[in-house]
Structure formats: C-alpha cells, structure tokens
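# Summary of structural features
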Amino acid sequence: MLDDTASRPVHAPADHPKVSAPKVGILLANLGTPDHYSYWPMRRYLSEFLSDQRVIDYPKWKWQPLLQTIILTKRPFSSGRNYKSIWNEELNESPLMTITKQQSSAIAARMQAQYGDQVMVDYCMRYGNPSTQSKVDAMVKAGCRKILFFPLYPQYAGATSATANDQFFRALMDQTWQPTARVVDPYFEHPRYIEALAQSVERGYAALPDKPDMLVVSYHGMPKRYLMQGDPYHCQCQKTTRLLREQLGWDETQITTTFQSVFGPEEWLKPYTVDHVAELAKQGKKNIAVIAPAFSADCIETLEEINEEIRESFEHAGGQRFSYIPCLNDDGAHIDALCTVISENLGGWV
C-alpha cells in the first residue's frame, strides 16, 4: 500500500492516483535462509540456491536432473539436521534471519536519527524470504524514488555479491516507474570495517585464558576456476587478512588465511580450513582461534560448520583449545562501519 503521506499532486486532475512523498530506500541484502528445517522448506530453499548459475555454473541440462532427482532427495535431510542444531526455536527462524533483523533495526535507527523521514531502511534475502522482489515492490509503493542496494558481503564474489545484484535489477525490471538505483561497492578494505574486525579479535583474545598460537581467518570458498576466470574474491580476502594483521600490529606467523565450505569434485581455493586446522594441530599449534570475516552475520557456515565440523577436525588431530570469534553481527562498531559505508554512498541523494 501507499504510505500515509501519499496525496494527489497539486496540479493533477481529480482522477489522478495518489503519489507518495519521495524517499530514499536503503535495502540490505543477505544470502538467505529456509523458512524451517523440515524437509519441504529445506528442499525449496536448496532448489532455489543450487539452481542459481552464479553458484553452480554447470549446464542446466546436465545439472538440473542430478539436482532434482538425487541431491534434493537426500540433502534436505542432512542440511535440515544442521539447521535444527542452530535454529532459533524461540522465534522459529534461523540465526541469520534473527541477526539480519537486528542489523536492519539498528541501521534504521541510525539513519532515522541522521536523515529523518527522508530514508527508509529494510532488508531482503537472495534466496527464500523476504524476497528481493517483495522488498523492492514495497519500497517503490512507499515512495522510494531512489534505492541504495547494499549486499552485506565485505568481499565481492560472483556467487554472492553479483547474484544479489542480479536479483535486485530483475526486481527493478517489473517496476512501472523505476527508481534510480545505486549498488554499494564491496567494503573489504574499508578502515571502519577493519577496525571493527580488529576490535572483535582483541575482545575475543582478552576473554581467553591463554593467547592462541594462531588466528585462522576462514573465508567461504569457491572453485579455483572462478579465480582464474577473473573473480576478485580471493585477492580481496587476502587483503582483508593483511589489513586486519596490520591493524592488530601482528607479524605473519600469528595469522593465516583459509577457505571453507568445499562442494563438488573440482579444486577450490586453498588451503581448506577443515584440513589446515588439523595440520596446525599436528605441527604443535594446540590452541587456535577462528574468525570468519566474509560473513556479516553468523549463519550455518559459522555456527555449524566452523563450530562443529572444523572444530572436530582440529580436536581429532590433537588440538586442545579451539575458540570461535563470532561474526560482527549487530556489534556497535560493525553498525558504525555499515552506516559509514551507507552515508558515503548516499552522497547527493540526501
């Protein structure tokens, strides 16, 4: 529906439709989440996610029969068990949904204080609900003549940032009166983001009885082939780690970059986190901490994969103390960083 400020333009005829007062929309976007961990919601979510050719770029004629007849027959059960282990039962939603709502609310409060009713803040998911289409529709109906689209991925990747942008522009294609649009650049090297990361590491270390032997900086992986095709993700991850190390004042022996979530038969970016933590344990580094800077919010890849599968790999190889440093989530320094990035991208609009 139109907002309460909608009115007929002064010089328009009596039958002219009402028009909302112009606003600037700020639309945050994250990966997505199933509506529930039971079979059918998981299957719908996984089908949408794994059918995205930015994620799995095999030819449809080859991939879809395998996906629909074999993978989606079994995987919803195993993925559902993983989601169940981390599910926010009180709110009946995934942690990613809970945290994204908290981030959106915190950012909306900051933007309201800074810009008043000129701006409208909301969030969407690339896969699942709330969909990008539904939120773009709502913003346009509310009078947003300009929309700043903000994929919450610090580092750019075709399978994250690009597919989120694809979906946003598809949603714009359905608008009779298209708003002007901007997309926020990746913020992997933004000083405020690096500062927030460093503060989270310092807090995490301060809470531990002994300083870890190594900080493992684990990023979501991707096929190495994507790097060779020109995707900048690997380089941006490496730069984030370097800038974090410099911000902390550490040398290179205290921190290492790895990649997780390997899927399928081909080679992915290395070293693989699950293997590397085991190797560290065998080398005598019995006390490690892990951080995941590619994720703006804790999710299945951090709460289940890192805290369970990767932890088990380290401990099975002889590791003694494994500490996970949470994502930045709705931490004040993170919200400050995101709001700074947003304000920089609103230049000339408000």
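Before reading on, note that the structure itself is shown above.
A few points on the structure.

Attention now moves to the packing of helix 9 (residues 273-282) against helix 10 (residues 300-316). The interhelical angle for the contact between helix 9 and helix 10, taken along N-to-C directions, is 25°, at an axis separation of 7 Å. As the angle between them shows, helix 9 and helix 10 are arranged roughly parallel. Relative to helix 10, the crossing made by helix 9 is right-handed. Contact residues: Thr273, Val274, Val277, Ala278 and Ala281 in helix 9; Glu309, Ile310, Ser313 and Phe314 in helix 10. A per-class count over the contact of helix 9 with helix 10 returns six nonpolar, two polar and one charged.

This brings us to the packing of aromatic side chains. Aromatic ring pairs are defined here through the distance separating the ring centres and the angle between the ring planes. Throughout the structure, instances matching the rule amount to 14 aromatic pairs. When the centroid spacing of 6.3 Å and the interplanar angle of 20° are considered together, the rings of tyrosine 45 and phenylalanine 49 count as stacked. Of this pair, tyrosine 45 and phenylalanine 49 are both found in helix 1 (residues 39-50), four residues apart, which corresponds to roughly one turn of the helix. Exposure remark for tyrosine 45: the relative accessible area of 5% places this residue in the buried category. Each ring, one from phenylalanine 49 and one from tyrosine 127, has its centre 5.1 Å from the other, and the planes form 65°; the classification is edge-to-face. Residue phenylalanine 49 is located in helix 1, and its partner tyrosine 127 is located in strand 2 (residues 119-128); the two are separated by 78 residues in the primary sequence.

Looking now at unusual backbone geometry. With omega at -10°, the peptide bond leading from asparagine 129 into proline 130 counts as cis. Residue proline 271 follows lysine 270 across a cis peptide bond; omega there is 0°. Even without glycine at this site, serine 261 takes up a positive phi of about 65°. In this fold, serine 261 is placed in the loop between strand 6 (255-260) and helix 9. You can call serine 261 buried: its relative accessible area is 14%.

Our focus in this paragraph is the pairing of strand 4 (residues 180-183). Strand direction decides the pairing type here: strand 3 (residues 144-151) and strand 4, joined by four bridges, are parallel. Directly across from phenylalanine 149, in strand 4, lies its bridge partner valine 183. After leaving strand 3, the chain enters helix 5 (residues 158-173) and then returns to the sheet as strand 4, a path that is right-handed.

Two numbers describe how helix 6 (residues 191-206) lies on helix 8 (residues 233-248): the axes approach to 9 Å, and their chain directions differ by 60°. Both helix 6 and helix 8 take part in a crossing whose hand is right-handed. Listed contacts from helix 8 to Tyr193, Ile194, Glu195, Leu197, Ala198, Val201 and Glu202 of helix 6 are Thr240, Leu243, Leu244, Gln247 and Leu248. Taken together, the residues of the contact of helix 6 with helix 8 sort by class into eight nonpolar, two polar and two charged.

It is worth spelling out empty space enclosed by the protein at this point. Applying the stated criterion across every chain yields a total of one cavity of 30 Å³ or more. Considering only enclosed or pocket space, the largest cavity measures out at about 60 Å³ in volume. The greatest single-element share of the lining of the largest cavity, amounting to three residues, is contributed by helix 6. Partitioning the lining of the largest cavity into residue classes produces eleven nonpolar, three polar and no charged.

Basis of the calculations
- Residues numbered from 1 in each chain as written.
- Predicted model: local features only at pLDDT ≥ 70, side-chain atom pairs only at ≥ 80, totals over all residues.
- Heavy atoms only, no water.
- Axes fitted to C-alpha atoms, helices over the stretch in contact; angles between N-to-C directions.
- Helix = DSSP H or I, 4+ residues; strand = E, 2+ residues; numbered from the N terminus.
- Parallel < 35°, antiparallel > 145°, perpendicular 65-115°, else oblique.
- Left-handed = near helix turned anticlockwise from the far one by under 90°.
- Contact = heavy atoms within 4.5 Å.
- Nonpolar A, V, L, I, M, F, W, Y, C, P; charged D, E, K, R; others polar.
- Phe/Tyr/Trp six-rings, centres within 6.5 Å; stacked < 30°, edge-to-face > 60°.
- Buried < 20%, exposed > 50% of the residue type's maximum accessible area, 1.4 Å probe, protein only.
- Pairing = 2+ DSSP bridges.
- Right-handed = clockwise from strand over helix to strand, strands pointing away.
- 1 Å grid on protein atoms, 1.4 Å probe; cavity = no way out; pocket = protein on both sides within 12 Å on 5 of 7 lines; lining within 4 Å.
- Points joined across faces, edges and corners; volume = space filled by probe spheres on them.

So, to be careful, I would describe these as geometric facts and stop short of saying anything about function.
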